[in-house]
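# Residue-level structural notes
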Amino acid sequence: MTYNRNPLYQAVHYALGAGAVAGMAFATGALAQDQEQEPAELDRQLVTGSRLSQVDIEGASPVTVLDRQDIERIGLNDLGDIIRQLPTITGSPLSTRTNNGGNGATAADIRGLGAIRTLVLINGKRDITDGDFSLIPIAAVERIEVLAEGAAAIYGADAVSGVINIITRKDFQGAQLSAQYGASFELVPNPAVQEVGDPGLRGSDGDTKRVSFVFGDTTEKSSFLIGAEYNEQDPVFQGNVNCEFFQFPISLFDADIFAANGPIGCEDRIDSGMAEDTTGLFRSGSSRNLGGFFVVPGQGALTNVNGQIVPFTNQFYNFAPVNFVQTPFERTNLFVQGDYDLFEHVEAFIEARYANRRSSQLLAPLPFDGRFDPGFAGTGTGVSADNVFNPFGVDIRDVRRRVAETGGRDFSQSVNSINITTGLRGDLGDIAPTWSWEVFWNWGREDRTDIDEGQFVGSRLAQALGPSFFDANGVATCGTPDAPIAGCVPLNLFGGNGTITQEMLDFVSFPLVDNIVTKLQNAQATVTGDLFDLPGGAVAMALGYEFRQEELAFNPDSGKASESVTGNTGAGTSGIFDVNSVFAELNLPLLSRVPGAELLEVGVGFRYDDFSTVGSTGNFMFKASWQPFKGFLVRGSYSEVFREPTIGELFSAQGDSFPSFQDICSNGVLGSPGSPNLFETLTPEQQARCIMTGVPAGGVFQTDVQVRSRVGGNPNVRPENGETWTVGFAFAPEFIPGFSFTVDYWEVDLDDAITSIAAGNVITECVLNGDLNQCANITRFADGNINAVVAAQTNIGSETAAGIDFAFNYNRSTAIGLFDTRLLVTYLDERESTVTGDPLDIAGFFSPGVNGFARGVFPEWKGLFTIDWSYEDLGAAINIEYIDSLTDLDFDAVPSREAPFLQSIESEWYVDLVGRYTLPWGTTFSFGITNLFNNDPPFIVNEFNASTDTDTYRLLGRSWFANLTHNF
């Protein structure tokens with residue numbers, strides 16, 4: 001008995017000639033055939049990166065394809081997680097492990113240039129999901145095509161670093177029910193949430209669940225597909241992960257561990273520098289969590305968890321164990337698509353998708369910061385000397401406390417998304433047999449409601465911390481006996497955990513509700529066909545017109561808009577833009593089947609876009625492929641790219657962000673004994689500029705590494721412009737059937753990059769370079785600490801990425817089954833950013849994303865290796881993911897570009913195993929173990945969240961999943 005790859009693989013080989021390049025249509029786990037099939041010609045089809053139908057998928061542009069078998073084998077519950085395993089995806093885009101800064105969405109980032117520069121399509125069309133893979137059901141997907149080069153001339157704006165095209169299932173007949181469940185073997189109970197958070201989550205195993213049902217049919221005149229999917233994920237706290245460094249925030253670590261000690265592992269004991277808690281409130285050996293606070297009534301003092309006032313020492317709240325490292329969600333998806341032959345040469349089609357996502361993130365309880373400053377209308381309240389709970393009897397201008405009684409700051413989202421595409425397509429029949437056409441209209445709307453809990457209302461804080469008295473019944477009452485404040489409850493900040501009652505919380509806190517509405521309208525008309533013949537074949541052309549309109553309305557809670565609450569604040573945003581576009585593409589086959597040129601063809605494309613906001617732009621594309629002999633293809637491409645500013649980048653009002661960095665005007669940082677005295681390294685002129693912004697002579701002692709930054713839009717922002725090019729070859733020799741090897745060098749260069757100049761850069765430009773405009777963007781408290789830094793969007797600097805992609809594929813049909821092997825490798829040679837000053841190359845580094853530079857993991861080498869075996873009803877696969885070692889970038893040294901690293905980060909290997917068996921009645925059972933060797937995530941000094949990159953590395957240790965799929 002002999003087994004063969006699926007017909008797509010055979011047809012591609014046939015189309016390019018015996019031994020020609022098979023490309024990367026990975027059909028691992030393909031069903032076995034009883035007899036060898038003769039390869040047959042494949043109908044022309046659209047391939048991502050071109051509007052011209054073609055037979056081969058391995059043309060001038062390298063396209064990576066994940067088919068349905070690949071998706072099912074990986075066992076993940078989110079398309080974004082599946083795509084991120086590809087070596088062409090780097091950086092650290094949003095995932096469901098993004099807690100601080102996440103919103104339940106998931107994304108992918110080609111070449112590490114930012115997810116905003118990767119265009120995501122569904123069936124070649126834009127969608128209201130706008131790159132959020134969490135809203136795309138896995139059950140609807142047939143394959144994923146990843147084009148890792150610019151394609152602005154084909155698809156317009158945003159296709160800067162590449163395109164991810166989700167192709168949905170078609171020609172489906174019958175019904176399919178699928179259920180999957182997964183969890184971790186390695187998580188441990190989290191004692192910290194006995195006092196903070198939901199005790200029921202202490203033993204969470206990070207369970208994931210997915211159930212889907214699809215039903216469809218295909219007839220001579222029509223086809224349809226109807227489906228539904230439900231997806232759920234349980235949360236995991238940082239304290240649930242059995243890893244030493246997950247138990248403390250980096251700011252509490254002993255600085256000595258950062259000195260050239262090599263990589264730090266989960267098993268390494270880390271001295272946090274915290275005084276041990278002996279009160280018993282937080283059990284020793286669990287969270288080691290003091291939960292205390294300190295006040296500054298002219299001198300340092302601390303109250304411990306028993307409410308006792310003691311001298312200030314190095315005691316801090318340990319917020320790490322009560323933050324999520326896997327965020328919970330529930331998703332419901334409904335989808336329907338179909339087509340019907342209206343006439344002999346006209347077909348109507350429709351696609352409709354609905355998604356609902358309920359997701360949340362949980363941060364440690366509010367770090368209340370009651371520093372009084374007359375110029376700050378928010379929470380800078382201080383505590384009155386006449387407050388009944390003030391033990392000092394003087395006005396306190398600086399009081400801080402971790403409000404553990406709130407149970408944490410909860411951020412939840414409810415998203416409802418709907419997208420409908422309908423249109424007509426057909427051909428011209430005998431009039432022009434090679435010509436076809438399509439017109440469609442695409443409408444989408446997304447409504448998102450965000451609710452923030454655990455924040456305080458500034459006006460009520462002022463009342464609760466102002467004068468108060470005990471009434472005749474001994475009840476604490478706000479105000480004075482002559483002027484009591486009805487309904488107000490004084491707030492007791494001067495005591496251990498538990499002194500703030502629920503009644504106090506109910507008065508000073510209030511849920512904050514934001515609403516975001518996004519709308520999309522998109523219409524397009526396209527015609528394609530052959531013009532005339534050249535020696536190599538017919539010249540093909542595509543012409544089209546497209547209209548697109550996008551609208552955004554962000555309505556924040558009134559408390560945020562008026563900046564009268566704790567946490568991030570900011571005003572609303574609304575805006576609308578439209579763009580009219582025309583495009584053309586030509587493919588010219590110059591030679592075919594002549595000596596020295598089995599194939600020689602070039603392709604050109606041009607697109608003109610006229611935006612209502614930023615004017616017009618034109619972009620050109622050129623491609624070429626040459627097959628000097630059968631089995632060997634040389635290819636290359638050049639594309640101009642651009643990205644128009646988003647509505648938020650143009651019109652958003654200023655809001656709060658809290659980046660972490662050491663102020664260049666500081667002489668030290670509270671809680672960081674090893675922090676340098678940067679002020680003394682400045683020249684007298686530079687020190688004078690610090691003093692000009694409000695810093696006292698000798699520098700400021702920085703009391704908080706999280707600095708308030710005011711970020712927002714800029715109506716004067718211009719589009720980004722750049723270019724991409726690739727050159728490479730593909731080799732598939734006749735004498736090794738089933739083998740192919742491709743190598744492609746690529747480069748992306750982007751100018752006028754849109755970015756928010758980071759708060760650290762604002763201060764650097766002011767102090768080091770004397771930019772007085774930037775100095776005006778800095779405000780400080782009376783003690784010299786930063787109140788806020790204004791950092792609006794602007795076109796500044798450039799982004800460059802370059803490297804090499806390798807792909808090996810080998811499949812062999814034997815008497816014991818089909819073996820299908822692939823190896824994908826990307827070498828990142830350069831990932832350079834220029835914000836201000838000299839460029840910085842972050843290839844091979846972890847970049848914390850401060851000072852305007854890209855954030856994330858940028859390994860020089862990244863690889864994915866898979867072997868899949870199938871025999872009759874049995875199958876098994878091994879999947880190996882490799883992430884190269886890194887250096888942790890020290891941005892304190894970046895302004896001078898001296899010794900820009902802190903620590904080495906070791907490479908990571910993840911091995912996954914899965915087996916499957918199909919029962920005689922059509923039910924397939926599969927079981928997989930992921931992270932087989934329980935590899936720990938690496939410790940990263942400069943990563944504030946969980947001390948590692950949660951969006952790149954696997955946090956939950958060895959895990960498992962089981963899947964049952966029944967075909968009716």
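Residues numbered from 1 in each chain as written. Predicted model: local features only at pLDDT ≥ 70, side-chain atom pairs only at ≥ 80, totals over all residues. Heavy atoms only, no water.

### Brief notes about the state of the cysteines
Tallied over the full model, the rule gives three disulfides. One disulfide in the model links Cys766 with Cys775; its S-S distance is 2.0 Å. One quick way to see it: the torsion about the S-S bond of Cys766 and Cys775 is about 95°, and its sign makes the bridge right-handed. What makes Cys775 buried here is its relative accessible area of 8%. (Disulfide = S-S within 2.5 Å. Buried < 20%, exposed > 50% of the residue type's maximum accessible area, 1.4 Å probe, protein only.)

### Examining helix H9 (residues 684-692)
Inspection of H9 places Gln686, Arg689 and Cys690 among the buried residues, and these make up the whole buried set. Down the axis, H9 shows its buried residues gathered within 105° of arc, on one side only. In this structure, H9 carries Pro684 and Glu685 as exposed residues pointing more than 90 degrees from its buried face. In this fold, the buried residues of H9 make contact with helix H10 (759-767). (Helix = DSSP H or I, 4+ residues; strand = E, 2+ residues; numbered from the N terminus. Arc of directions from axis to C-beta. Contact = heavy atoms within 4.5 Å.)

### Let's talk about the packing of aromatic side chains
All chains considered together, the criterion is met by 16 aromatic pairs. With 5.3 Å between their ring centres and 50° between their planes, Trp725 and Tyr745 make a pair best called tilted. Of this pair, Trp725 sits in strand S33 (residues 720-731) while Tyr745 sits in strand S34 (residues 739-751); the two residues are 20 residues apart in sequence, bridging distant segments of the chain. The ring of Tyr340 carries the charged tip of Lys221 above its face, separated from the ring centre by 5.5 Å. (Phe/Tyr/Trp six-rings, centres within 6.5 Å; stacked < 30°, edge-to-face > 60°. Lys NZ or Arg CZ within 6 Å of the ring centre and 35° of its normal.)

### A closer look at the sheet that holds strand S20 (residues 468-470)
The strand order S20-S21-S22 describes an open sheet built from three strands, whose pairing is antiparallel. Both outer strands of the open sheet, S20 and strand S22 (483-484), are each paired with one neighbouring strand and no more. Pairing geometry for strand S21 (residues 476-480) and S22, over two bridges, is antiparallel. When the sheet's bridge partners are listed, Thr480 is paired in S22 with Ala483. (Pairing = 2+ DSSP bridges.)

### Overview of the environment of Trp861
Along the polypeptide, Trp861 turns up in strand S43 (residues 861-871). What makes Trp861 partly exposed here is its relative accessible area of 35%. Taking the C-alpha atoms as reference, Trp861 lies 5.1 Å from Asp884; in sequence the two are 23 residues apart. Residues in contact with Trp861, not counting those within four places in the same chain, are Phe806, Val825, Thr826, Tyr827, Tyr882, Ile883 and Asp884.

### Topic: the pairing of strand S27 (residues 615-629)
On any regular strand, side chains alternate: one points to one face of the sheet, the next to the other face. Inspection of the sheet shows strand S26 (residues 597-611) paired to S27 by 13 bridges, in the antiparallel sense. Bridging from a neighbouring strand, Gly603 pairs with Lys623 of S27. The antiparallel hairpin formed by S26 and S27 contains three residues in its connecting segment. As defined by bridge partners, S27 adjoins strand S28 (residues 632-643) across seven bridges and the pair is classed as antiparallel. Bridge pairing links Ala624 to Gly636 in S28. Taken together, S27 and the strand that follows it, S28, pair antiparallel across an intervening segment of two residues, in which Gly631 is found at a positive phi of about 90°.

### Some points on H10
One full turn of an α-helix is made of 3.6 residues, so residues set three or four places apart face in the same direction. Of all nine residues that make up H10, nine are buried, and the element is covered over most of its length. Along H10, the residues classified as buried are Ala759, Gly760, Asn761, Val762, Ile763, Thr764, Glu765, Cys766 and Val767. Against H9, strand S32 (709-712), helix H11 (772-775), strand S36 (778-780) and strand S37 (786-795) lie the buried residues of H10.

### Here's the deal with the side chain of Ser847
Mapped onto the elements, Ser847 comes out in strand S41 (residues 845-848). Here Ser847 falls in the buried class, since its relative accessible area comes to 0%. One polar contact links the side chain of Ser847 to the main-chain carbonyl oxygen of Ala854, over a distance of 2.4 Å. (Polar contact = N/O pair within 3.5 Å; in protein donor to acceptor, adjacent residues only side chain to side chain.)

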